[in-house]
Each structure stands twice: as structure tokens, then as C-alpha cells.
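# Reading the structure
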Amino acid sequence: MSKTEFGKGCHLHLIDGSAFIFRAYHALPPLTRKSDGLPIGAVSGFCNMLQRYVEGNHGPDAPTHVAVIFDKGSHTFRNDMYDLYKANREAMPEDLRPQMPLTREATHAFNIACEEKEGYEADDIIATLAVQARAAGGRCTIISSDKDLMQLVGDGVEMYDAMKNKRIDRDGVFEKFGVFPERVVDVQALAGDSVDNVPGAPGIGIKTAALLINEYGDLESLLDRAEEIKQPKRRQTLVDKRDQIELSKRLVQLDEKTPLDFTLEDLEVRDPDPDKLLAFLAEMEFRTLTKRIADQLGAEAPTITDKVAPEAEAVTVEDIPFDATKYECVRDAVALLKWVDQIREHGWVAVDTETTGLNEMIVDLVGISLCVRAGTACYIPLTHRDGSADDLFGSDELAEGQMPLNEALDILKPVLEDPAILKIGQNMKYDSKIFKRYGVSVAPIDDTMLMSSAMHAGEHGHGMDTLSDRYLNHTPIPIKPLLGSGKSAITFDKVPIDEATAYAAEDADITLRLWQHFKPQLHRAQVTTVYETLERPLVPVLAEMEMHGIKVDREVLSRMSNAFAQKMAGLEAEIHELSGETFNVGSPAQLGEILFEKMGLEGGKKGKTGKYSTGADILEDLATEHELPRRVLDWRQLSKLKSTYTDALQTHINPDTGRVHTSYSITGATTGRLASTDPNLQNIPVRTEEGRRIREAFIPEPGNVLLSLDYSQIELRILAHIAGIDALKQAFADGLDIHAMTASEMFDVPLDEMTSDIRRQAKAINFGVIYGISGFGLARNLRIPRSEAQGFIDRYFERFPGIRTYMDDTVAFAKEHGYVQTLFGRKIHTPEMSSKGPRAGFAKRAAINAPIQGTAADVIRRAMIQMPAAIAHLPARMLLQVHDELLFEVPADHVDETIDVARCVMEGASDPAVKLDVKLTVDAGQGANWAEAH
DNA sequence: GACATCACG
DNA sequence: GACGTACGTGATGTCC
């Protein structure tokens, strides 16, 4: 094999292997190999990091040479100089030790050079190679954030912090040390390092060290001229501890002449051997990663055994009992700092906030609970009020024994924002919005609610009580007795601190246990990708949209409310006149009596409660013969618009922001769709002219416009792809009117002779197909005889036989597996599939619909997740999502650019995970309000 | 709190 | 052969 000589134009990547391993070990729960219980969490994380590294290595700056460098053994030449070097290092965790050789194997499996040398630290090898690369005229990037390596930066050598996605150059080093790389060892020699047990000069930290070095030029001059230092204590230290400081310098100085038995040329980038790589991953039983890499390499994924070692399963059972009396109430900084230490030790923490209500945009923070391992949790009360005080104003006084809110946040903020510490929550969107309002940006996160949704959508809800009952066999302390109900209900800040501690700390304890239960299961359920690409990344995106809100013009709504009230009064009088008595028009029961008893109209009883049904479709039929039903329909429309929209929306305008802030439920819909609440901004009227005008109240800030981009026929396009209907695909490719095309195919009418009525019928059929069509349903929708509707359906299946195959296959799959899947791997469980009677029909249709609706939901989720970065350079904001539509607010002079970018993201949202046979098309609209934009 | 009704995709 | 149905949501008002 001929090797390219390393030289100008070459780019060497050096990966700090030990850093990768420790980061992987602390970021993941203690995973074990299913078949024999071998600990493999760190190996798994390590492989994922390598994989992500390889994936990201394309483009102009790709490396030509690469190696992963490891530490070997614990005794190095530095121990010979100073026997206490790294003496206070904790022993390697028991479950990490057996994983060390596996990480080397993993590196070989990826066909990346893997180097280590007895007696030397990885840092020395890295230093030697970096210097060699520089000398040969090439460049070098050290993938690590270790400050000990910063002395190497400069002149073609850079560092890259993969975690923070940040390059570190000479300026970056200066930021960290206050000196440029060539003086870093001098500063380190003075400042010492408690982690590595480098003594340094007592009482001198990095800041002081940099100051001294910058003043005297370098360490040697400083020590020689130490007598000139003005501060007596500092002078004394430098004089007395000269030997210790010089030793420290030798300890931190990297050895750039490590003898190596390989050359730079040996590190040339090589493609992995698919067989070897996949065999290793399969041996580790990494199901998701094996499959993903197999797909990428175009190779077949090896099968992975499903057998479970009996002893391996037994140890996973959680035996620690819940005990609310063991929870700690943290009342001062000293106690809190102990918790911070524990959090840093573990690398993760379960967090829960207690607040004065449920609206994150309004409520106040009352307390915070933390948990680092099952049974070990605390509550930090912060703003509890003293309700027990006798004087009248007692309830406004802060209760005794709480640390100041700001002090607690100052201590917790670095932890909550630390990229190396995982914050675990149940519905973290809520807590991160609360924290955000107090200036804390929580990241990175895991969310047990989203994990449950990824694994169990369709099986049950994902609230904490449900999950705890189901998976921990423990019923949480109910909140009701603490807060009371009705008029006498209190807010959490009025709950006595001891009761609050038991309740709040338990929530964090439960959350941590759920996480430990769920995290290893994500892999087994094959939904890690769903969780990591479609669920978790949505949290910050939605949090930002919700907090930003949308401006609503109260005046417009108020005027409409008045107009509606007037019209309703008129209609009500007419209705009473026509019926001959005054009654509550809003009562379906009273209306039914009048229509079907007093007036004797046709259209009998229905409903389980024995009441007459007076739904819009029934009244619509009656309206052809009588005036009263029409009036009632009109009244109902106005009543709906007024109560649900023009009145209610006003109450949702936030007094501080003047905007309306909805809340999206990520797990609300089983299919993966979002749901919008408080208020629901996904059902603002649009279908009728009067209703549509409500959208005129949704407006941009002055100088801005509202921008609406929506997917055209996304569900039908996805159906065409999934069911493989060539005629439909072709029609979309040709940009045809899809409903007209369907009508033409079905009724043999040429497109140029199409009538709106025939097209309308075809449209109903197309939608019916998406919903799991039935003759009855179509008949009712089109108001045609059932036999005729059945004829349409038969004909449709004749013309598009692929549709029937899709439906049959989907139902069969659901029956066999108990779930169906979207194109992106989201699973929707169908537990009702095995039931008998009418429920089976529902389950069937839901199973047919779920992959279509769910895939469309996945697509727009992907677009939303990409959007913030895509529009970061623009002054545009994403405000709302309405299933297939995204609404933006943008200054008028950036409209076209925003449309281009957002459309590009939306139309390409399925790439590269899924290659659709059908192009996705996005329509755009803009205007001075939502009615104009849509 | 169940139910009916109706707003959206 | 009868059953009793379009899929997915949330908010409101009535009535018990």
C-alpha cells in the first residue's frame, strides 16, 4: 500500500480518546449488554461519538490523517519526578475498567489509527505528533478541550471542543489563561492543578499567574527577579517555593519527543471495512447503531441475538424503596454546594420546579428539587410564604429557613448550563421555560415524558402519575390534599415547607428512577433515533416559540365580540318567536325537545343519554324545510366565535408582553402531532368568512409582516409514497390538481370537462382514504346513499389497487406487532387492534391513518428543529405551528429572504433520513395579519 | 365531570 | 348478519 507523504496541505486530526471515554461514561446510564450483562455504556457512547465524528468529516476541511490517542497504564515519567502526581485521582469505576480494551477495539473497527505508549500520557503523544505535523508543513486539529493541551496551539495547530462545537485558537487560549500558548506552561506551573495534584505556588491562581508572567515575560525571569515583587507574601512564596514551581513546570510541560514506533504517514484516513465494523457493533449488541451504520454503508445489518442472561436481568430491578422522610430540605448555600458536588460526581441530575401555578409565562418559582440517584433527593424551598402567621399580613412574608432565590440560582446556574451535566426532567419544556425567565438556560436535557412517548405512544398517557404507577409500582404523593380545591385552593408557595419537601423531592426521585428505567430501553425498543431527532430537540424550539408568543389586537377582538353579541340577540329573538317560547338556545336538550316534540319534525332520538341529537349536520338537513334550524345554526356559529375566540382570546393576552403565548403539548397526540392549549392556536377559524376575520386580530409588530408557509397536500403525498401509487406520484410530479386528477381517473371525465361537484366528491374520497375509508362514513359526508358511496370506494380501489394493499398490509402489521410505524421510525401502538366489535373498526382506521398523519408530523418536526439555525442570520422569528403550517414574524425588508430559507428547510425536511418519491411543496403567503398571510 | 357541539389540520 | 363508524386534536356551555 502506497502512502502519501505527510506535508503541506495535509491535515491531521488527533482525538483525545480518554476524554471521549469519560464523557461517554458519564453521559449515559449504566447500560449492559443484554445477552450477558457486560457493562457497555461507555463503549456505546464512545462508538456514537466516533460515528458522529466520522459523519461530520466531509467537506473542504476534512482531515487527511487521523488517530485516536489513549493513555496507557497509570505510571508515567512524571511519577518518577514527583510521586504524588495525579495521586488524588479517584480509582477507575468498576464498570468502566472492562470497557477500556473495548474502546480500542472499537477504534480499530472504525479503521482509525489507535495509539498509546507505556510510560507516556496521551497528551505527550499528541504533543509529539502535533509538532511533527507542524514541522512537515501540515496542519493539526486536536479534538479535546483539555487545558493541558492548550500549550500546543498556534502556527497550524488548533484545538476543537466537540462538545461545545467550538474551535480554540491562540485567542481562545488567551481567553482561558490570560497568556498566549507559549507561556501557558509558565502560568500552569505557578497556578498548579488540584485535579492532577500539580503543586504550583500556593496562593497563586491562574489570574495572578498570568499577571506576573505578563509583567516579567516568562517564568525564569520572574523567578530570577522575584525579589522585586512588591507584595511581600507573594514575593516570599516565589522565593521559598522556587523548586516546587520549577518541578510543576516540568510536570505540565508536554514531552514533544515521545519515541514513537509509527510515522505520520501511518495515520492516513482509511475507509472502514463494513464487515469488520458491523461485526464489532453486532457483538456489542448496539442495535440502533448497527442498523444506522449498515444503512449508511449500504450493507446488511447482522442479526443480533435476543436471548437474555437470566442473572443479567435480575440485577436491573430497582430495589430501593421510596421513603419521603429521607428527603433533605436544603436551606442554605453550604448544603446546596454539597448537592452540586454530588451532581458533578454523577454527571447528571433530575430537576423539578415548583411554581405558583401552571402558566409558565406568569407563575413565580417557589422551589427546586434535585435527585442524583434513586432515593437521594432534596427540595430547595425559595419563596414559600408564611401562611400560619397570626397577623393579617403574615401571608406575604417569606417563610423562615429559606435561602435567597438569587443565591440558589447563582449556585445552580453553572450546573444547569454545564454542557457536561445532563439535566433530567419530566416535561422539561415547562421547567426550562421557568428557568429561562430567571436567566438560566438549561442544557443538555433528557425528558422522561418524551422517552415514554417514543416507546409507548398509544398505550397510555405520559404523565408522571401514570408512569410512576406503571413502571415504578409506586403511587406518587397526590398534590390535591396540599393545595385543596375550589375557592379555598392555595398556591404551592403557601404549602408548609416540610410537606412541600416530601412532595417535591419525591417528584425528582421518581423522575430519576423513570429515567434509569427508560434510558436503556430506548435502544431495545429501537426508538433512540426518534427520541433524539424528533422529540428531545423540539423542546428548546417550542420553548422559544411559546415564550415569544404572537401579538393579538385586543381592540379588533373586542369590536367583533360586540358585533357578535348584537347579532346573536337578534337571532335569539327570532328563534324564540319561531318556536313560540323562550328557551336557552345554547341547550341542545331544550332545542331537541322543541324541534322534535313540540314541532314534531322528523329525525329521532340518538345519543347514549337518550337525548335528541341536534348536531350541525342534522340541523342542516332540517333547514331545507324550516326556518328555525337555520337560525339556530347561525346563532351557534356566532356563539362559538364569540365565546371560544373573540372573548376568550382577550383573556389570554399576557399583560407584560401584550402577546398570546400558547403551550404546545409534545406528547398530546399519539401520532406525533403537536397539540396546542391555553389557548389552542391550532383551531383559529378559517373555513367561513366570518370566522376567518378573527385572524385579522393576529398581527405583527410595526414594520413587520406575518409570513405563513404551509405544506401542500402533505398527507396525500405521503400516502402516494408509502402505498407506492404511481399515478398519484406522477400527478404530484406534474403539479396537477390532485383531486381533479382523482376524479378524472375515477369517473372517466377528461380534466377539461371537470365540474366542481365531481371534483368535490373525489376530494372527499381522497380524504376518506387517509382516514381509513368506510362506505358509511363517505355516504354521510357526501350525503349520498350508502350503496353509492360503496360503489365509489370499490372503483377507487380498482383504479388504485396499491391503496387497498397498503391498508390491508398496515392492518395486518398492526395485528401482528401491536403497533404501526411512520417512515421515520416513530411507533404508534394499537392495543385495541385485538378487541372485538365496533372498537376493532376504530382501531383499524386509526392504524391506517397513523403512519400517514404521523409521517407528516415527523416531517414538520424536522423542519422546525432545523429552522432556528437556518434563520439565525435573519431577523425572523418562528411563532406558530398548525400541523402543516409554520407562521413567522419578520421585518418587511427581509420577507423574501425568509421565504426562501424557510421553504428550503421545509421542502427538504425529510432528507437525508428518508428519500421521498414525491416532492414536498410549500406555499407561502404574507400580510399585515394572519388572515392575509394564510 | 360527562356530554354535545364545533373550531382546526 | 348486525354492529355503528370517517383520522387527530382542545375549548366551551349545559346539565347532573
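A brief structural summary. Residue numbering note: each chain is counted from 1, following its sequence as written. As a convention, the first chain written is A and the first ligand written is 1, with the rest following in written order. Totals for whole chains, interfaces and linings use every residue, but because this is a predicted model, local features are given only for residues with pLDDT of at least 70 and side-chain atom pairs only at 80 or more, for both listing and counting. To obtain the side-chain values, all non-hydrogen atoms of the structure were included, while hydrogens and water were left out.

### Some points on unusual backbone geometry
The linkage connecting Asp 678 with the following residue, Pro 679, adopts the cis geometry, with an omega of -5°. Every helix listed is a DSSP run of H or I at least four residues long, and every strand listed is a run of E at least two residues long, numbered separately from the N terminus. You can see Pro 679 is positioned in the loop between strand E16 (675–677) and helix H28 (689–692). Residues Asp 911 and Pro 912 are joined by a peptide bond in cis, for which omega reads -5°. Looking at the element boundaries, Pro 912 is found in the loop between helix H37 (895–907) and strand E23 (922–927). Located in the positive-phi region is Glu 285, a residue other than glycine, with phi close to 65°. The phi torsion at Asn 427 lies on the positive side, around 60°, for a residue other than glycine. With respect to the helices, strands and loops of the structure, Asn 427 is situated in the loop between strand E11 (422–425) and helix H17 (428–437).

### Section: the protein's contact with DNA strand B
Whether a residue is near a molecule or strand depends on its heavy atoms: it is near if one of them lies within 4 Å of it. Taken together, 24 residues form the shell around DNA strand B, and within it Thr 614, Ala 616, Lys 640, Val 686 and Arg 687 come nearest. At the protein interface, 76% of the atoms of DNA strand B within 4 Å belong to sugar or phosphate. Here Gln 853 contributes a side-chain N or O atom positioned 3.5 Å from a base nitrogen of DNA strand B. In the analysis that follows, any N or O atom pair within 3.5 Å is treated as a polar contact, provided that within protein one partner can donate a hydrogen and the other can accept it, and provided that, for residues neighboring in sequence, both atoms belong to side chains. A distance of 2.8 Å separates a sugar or linking oxygen of DNA strand B from a polar atom in the side chain of Asp 884. Following the grouping adopted for this structure description, the nonpolar residues are Ala, Val, Leu, Ile, Met, Phe, Trp, Tyr, Cys and Pro, the charged ones are Asp, Glu, Lys and Arg, and the polar ones are all others, Gly among them. Looking at the surface near DNA strand B residue by residue, the classes come out as 8 nonpolar, 10 polar and 6 charged.

### Topic: the protein's contact with DNA strand C
Taken together, the neighbourhood of DNA strand C is formed by 32 residues, with Ser 587, Asp 678, Asn 680, Phe 776 and Arg 780 sitting nearest. Across the atoms of DNA strand C situated within 4 Å of the protein, the share located in sugar and phosphate is 67%. Within the side chain of Asn 680, a nitrogen or oxygen atom sits 2.9 Å from a sugar or linking oxygen of DNA strand C. A distance of 3.1 Å separates a base nitrogen of DNA strand C from a polar backbone atom of Ala 764. Looking at the surface near DNA strand C, the elements with two or more residues in it are helix H27 (628–651), E16, helix H32 (756–770), helix H33 (775–782) and helix H36 (838–870). Along the lines of polarity and charge, the residues of the surface near DNA strand C split into 10 nonpolar, 16 polar and 6 charged.

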